[in-house]
Amino acid sequence: MQALATIVYVVFRCVINLNGVESLPIEYIGRALGIVSETLFILLLILLSKGWTVVRGRLSTTGTMLLSASITFYFLAQVAALLWEAYMFDPGEVLYEYESTPGYVCMAFLVLMWVWFCTCTYQTLK
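Residues numbered from 1 in each chain as written. Predicted model: local features only at pLDDT ≥ 70, side-chain atom pairs only at ≥ 80, totals over all residues. Heavy atoms only, no water.

**A closer look at the state of the cysteines**
- With the rule as written, the count across this model stands at 0 disulfides.
- In this structure Cys106 is a free cysteine whose sulfur lies 20 Å from that of Cys118, the closest cysteine sulfur available.
- Cysteine Cys120 shares no disulfide, and the gap to the nearest cysteine sulfur, in Cys118, comes to 9.5 Å.
- Since its relative accessible area comes to 6%, Cys120 is described here as buried. (Disulfide = S-S within 2.5 Å. Buried < 20%, exposed > 50% of the residue type's maximum accessible area, 1.4 Å probe, protein only.)

**Focus on the packing of aromatic side chains**
- Summed over the entire model, instances satisfying the criterion amount to 3 aromatic pairs.
- Arranged with centres 6.2 Å apart and planes meeting at 15 degrees, the rings of Tyr74 and Phe109 form a pair that is stacked. Pair noted here: Tyr74 is in helix 3 (residues 61-88) and Phe109 is in helix 4 (residues 101-125), with a separation of 35 residues, a long-range link.
- With a relative accessible area of 12%, Phe109 lands in the buried category.
- Clustering of aromatic rings is evident, with ring pairs tying together Phe73, Tyr74 and Phe109. (Phe/Tyr/Trp six-rings, centres within 6.5 Å; stacked < 30°, edge-to-face > 60°. Helix = DSSP H or I, 4+ residues; strand = E, 2+ residues; numbered from the N terminus.)

**A closer look at the environment of Leu4**
- Among the secondary structure elements, Leu4 is positioned in helix 1 (residues 2-19).
- Owing to a relative accessible area of 45%, Leu4 belongs among the partly exposed residues under this scheme.
- As a C-alpha pair, Leu4 and Gly34 span 30 residues in sequence and 8.4 Å in three-dimensional space.

**Quick word on helix 3**
- In a regular helix each residue adds 1.5 Å, so 28 residues correspond to 40 Å; helix 3 covers 39 Å between its end C-alpha atoms and thus fits that length.
- Burial in helix 3 covers these residues: Gly63, Leu67, Ser70, Ile71, Tyr74, Ala77, Gln78, Ala81, Leu82 and Glu85. (Expected span 1.5 Å × (residues − 1).)

**What about the side chain of Thr39?**
- Tracing the chain through its elements places Thr39 in helix 2 (residues 24-49).
- Polar side-chain contacts of Thr39 include one of 2.8 Å to the backbone oxygen of Ile35.
- When neighbours within four sequence positions are excluded, Thr39 is seen to be in contact with Ile71, Tyr74 and Phe75. (Polar contact = N/O pair within 3.5 Å; in protein donor to acceptor, adjacent residues only side chain to side chain. Contact = heavy atoms within 4.5 Å.)

**Some details on the packing of helix 3 against helix 4**
- Packing of helix 3 against helix 4 leaves a shortest axis separation of 8 Å and a crossing angle of 150 degrees. In this view, helix 3 runs roughly antiparallel relative to helix 4, as classed from their interaxial angle. By crossing handedness, the relation of helix 3 to helix 4 is classed as left-handed. Of the residues in helix 4, those in contact with Leu66, Leu67, Ser70, Ile71, Phe73, Tyr74, Ala77, Gln78, Ala80, Ala81 and Trp84 of helix 3 are Thr101, Pro102, Gly103, Val105, Cys106, Phe109, Leu110, Met113 and Trp116. (Axes fitted to C-alpha atoms, helices over the stretch in contact; angles between N-to-C directions. Parallel < 35°, antiparallel > 145°, perpendicular 65-115°, else oblique. Left-handed = near helix turned anticlockwise from the far one by under 90°.)

Following this line, the structure appears as structure tokens:
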């Protein structure tokens with residue numbers, strides 16, 4: 001999925017090089033694919049840290065619901081950051097796409113997911 005996002009982004013850059021005009025739909029398709037691939041990667045890391053299919057065959061119901069809610073919230077925060085950038089950013093004032101409220105939420109949530117990953121890994125190895 002990330003490879004597809006990279007290919008779309010390269011096509012976006014090639015279009016800019018050929019005619020000097022940005023094709024925003026191509027850029028946002030590439031970014032959307034990147035968001036999906038990053039979300040799936042985080043899901044995979046959390047599942048592996050919980051030991052799913054490695055030392056456990058099933059996850060608890062509470063763990064499954066928490067994981068589903070967390071991944072959904074992260075995905076929606078990423079989409080909100082993308083939409084916020086598309087419709088509310090001023091290119092003269094904003095340097096980075098995470099310089100917004102949804103972007104700060106995404107960064108904070110990534111830190112929480114990292115702590116959760118470390119905790120799950122520790123508990124699985126214990």
